[in-house]
Amino acid sequence: MRTPRTTATAVAHANIALVKYWGKRDAALNLPATGSLSITLAGLTTRTTVRLHDGPEDRVQLDGVPAAEPVRQRISRFLDLVRAEAGITARAEVVTANDFPTGAGLASSASGFAALALASSRAAGLALPPPALSALARRGSGSAARSVFGGFVEMHRGERPDGADAIAEPVAPPEALPLAVLVAITAEGPKGTSSTAGMERSAATAPYWDAWVASAPADLAAMRAAVRAGDLARVGELTEHSCFKMHGLMLATRPAILYWNEATVAVIHRVRALRAAGRAAWVTMDAGPQVKVIAAPVDGEAVAAALEAVPGVRRVIRTALGPGARLVEEP
Ligand code: DP6
């Protein structure tokens, strides 16, 4: 019988997919239908402490208040996986906080489940190697498997039915292609359709579904090569292609999934104009109305200032590429 460590704190950052994940090949194990390739950010941080206790149920505090019941249950189901792997039954108290808006298409589930996977496995007495940690984080949220690692990260679709090969791995360190990353916040509220529900609907109803899945390996190979070559213009072009292809798929879903608002579209146009004027900047959007812009570091501040001037943009978060999930000292 293992002696649980009983408490641990972990930090993880959000990531942004340059080649997108949208759809599952197995919902129960949360196996993706396509691979994906992302950048882990230095900002947009989740900090999570897990403490085992003798009480009857898991307790979850999110951003300073008790989590809503569906969130608590999702976390509790995730903790069941950790308990099963560690051979323990103790319930946990989870205290987690994001330094950015939760649930607004800013990848809070990615940083959240990466931090939770690390803190809870450690609190339960496990010392999981990074691939096993990535597989565990994936069970919480597909994109969380990527936040385990820093810099440029590829998530593999995998072929095995048990999902053992559906894990992420580093592709290149942040220095391979330094980037300024700007997040234009156009709405602070929670998103309309969860990614999980939206993906299921796209797979069931979008006429382009098969083409989406079939074209992913070529996008991934091209992105991998562009990153390793340090070719920013190619990375930018491939990033916008994957993003617009995913949003086209969402629009062709029944009923249509539309995450953009007016300011989202205005930012897209502004970035195209900036590029025409010689700035190296490209957009990408996820399951929400925020626009993430990758830019050459030398252009970062000018692009950020231009985004702040777009009507409807509330604020712009400036960040860069950062490290993977890690344990930190208890507060
Ligand atoms: C649009 O990882 O949130 O951000 O696995 O169902 O939790 P679940 O989905 P999630 O989906 C992320 C979708 C995306 C694209 C991406 O990050 O690759």
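Scroll up a little and you will see the structure.
Residues numbered from 1 in each chain as written. Predicted model: local features only at pLDDT ≥ 70, side-chain atom pairs only at ≥ 80, totals over all residues. Heavy atoms only, no water.

(A) Representation of the nonpolar core. With 39 residues, the main nonpolar core has Val50, Phe78, Val94 and Leu116 as its most contacted residues. Among the elements of the structure, β1 (7-19), β4 (36-53), α1 (69-86), β7 (91-98), α2 (108-123), α3 (130-140), α4 (144-147) and β8 (152-155) are those that each provide at least two residues to this core. The element that contributes the greatest number of residues to this core is α2, accounting for eight residues. Excluding residues within four positions of it along the chain, Phe78 makes contact with Phe113, Leu116, Ala117, Ser120, Leu136, Ala137, Arg139 and Gly140. Ranked by size, the runner-up nonpolar core spans 31 residues in total, among them Leu18, Val181, Leu238 and Leu321. (Core = buried A, V, L, I, M, F, W, Y, C linked by side-chain atoms within 4.5 Å. Buried < 20%, exposed > 50% of the residue type's maximum accessible area, 1.4 Å probe, protein only. Helix = DSSP H or I, 4+ residues; strand = E, 2+ residues; numbered from the N terminus. Contact = heavy atoms within 4.5 Å.)

(B) Seen up close, the site of the ligand. With respect to spatial proximity, 18 residues lie near the ligand, and among them Tyr21, Lys24, Gly142, Ser143 and Thr196 are the closest. Taking Ser141, its side chain carries an N or O atom lying 2.7 Å from an oxygen atom of the ligand. A distance of 2.6 Å is found between an oxygen atom of the ligand and a side-chain nitrogen or oxygen belonging to Ser143. Protein burial of the ligand: of its 460 Å² of free accessible surface, 93% is covered by the chains. Considering each element in turn, the shell around the ligand owes the most residues, three residues, to helix α5 (residues 195-205). (Near = heavy atom within 4 Å. Polar contact = N/O pair within 3.5 Å; in protein donor to acceptor, adjacent residues only side chain to side chain. Areas by Shrake-Rupley, 256 points an atom, 1.4 Å probe, with all protein chains shown as cover.)

(C) Broad picture of the pattern of salt bridges. Per the stated rule, a full pass over the model turns up 18 salt bridges. The partner of Asp165 in a salt bridge is Arg25, and the shortest N-O contact between them spans 4.0 Å. Taken together, the residues span a long stretch of sequence, with Asp165 in the loop between β8 and β9 (168-172) and Arg25 in strand β2 (residues 24-26) at a distance of 140 residues. Where Arg160 meets Asp162, a salt bridge forms, and the shortest distance between an N and an O atom there is 2.7 Å. Classification of Asp162 by relative accessible area gives partly exposed; the value is 41%. (Salt bridge = Lys/Arg side-chain N within 4 Å of Asp/Glu carboxyl O.)

(D) Just the layout of surface pockets, in detail. Roughly 170 Å³ of volume is contained in the second largest pocket. Lining the second largest pocket we find Leu81, Glu85, Ala132, Ala135, Leu136, Arg138, Arg139, Asp162, Gly163 and Ala164. At the level of elements, α1 and α3 are the ones that each hand at least two residues to the lining of the second largest pocket. In terms of residue count, the dominant contributor to the lining of the second largest pocket is α3 (five residues). A class-by-class count of the residues in the lining of the second largest pocket yields five nonpolar, one polar and four charged. (1 Å grid on protein atoms, 1.4 Å probe; cavity = no way out; pocket = protein on both sides within 12 Å on 5 of 7 lines; lining within 4 Å. Points joined across faces, edges and corners; volume = space filled by probe spheres on them. Nonpolar A, V, L, I, M, F, W, Y, C, P; charged D, E, K, R; others polar.)

(E) Expanded view of α2. Here α2 contains 16 residues, and its C-alpha end-to-end distance of 22 Å stays within 8% of the 22 Å for a straight helix at 1.5 Å per residue. Most of α2 is tucked away: 14 of the 16 residues are buried. At the C-terminal side of α2, Gly125 shows a positive phi close to 95 degrees. (Expected span 1.5 Å × (residues − 1).)

(F) Region of the structure containing the sheet that holds strand β10 (residues 180-185). Read from one edge of the open sheet, four strands run β11-β12-β10-β13, paired in antiparallel fashion. With one partner strand each, in any of the chains shown, β11 (281-284) and β13 (315-320) form the two edges of the open sheet. Strand-to-strand twist in this sheet, taken as the mean axis angle between neighbours without regard to direction, amounts to 25 degrees. Of the pairings in the sheet, the one linking β11 to strand β12 (residues 291-295) comprises four bridges and is antiparallel in character. Residue pairing for β12: Thr284 is matched across the bridge by Lys292. Sheet contacts for helix α8 (residues 262-276): β10, β11 and β12; angle to β11, the most-contacted strand, approximately 160 degrees. Strand contacts of helix α9 (residues 300-308): β10, β11, β12 and β13, with the helix running at about 160 degrees to β13, the strand carrying the most contacts. (Pairing = 2+ DSSP bridges. Axes fitted to C-alpha atoms, helices over the stretch in contact; angles between N-to-C directions.)

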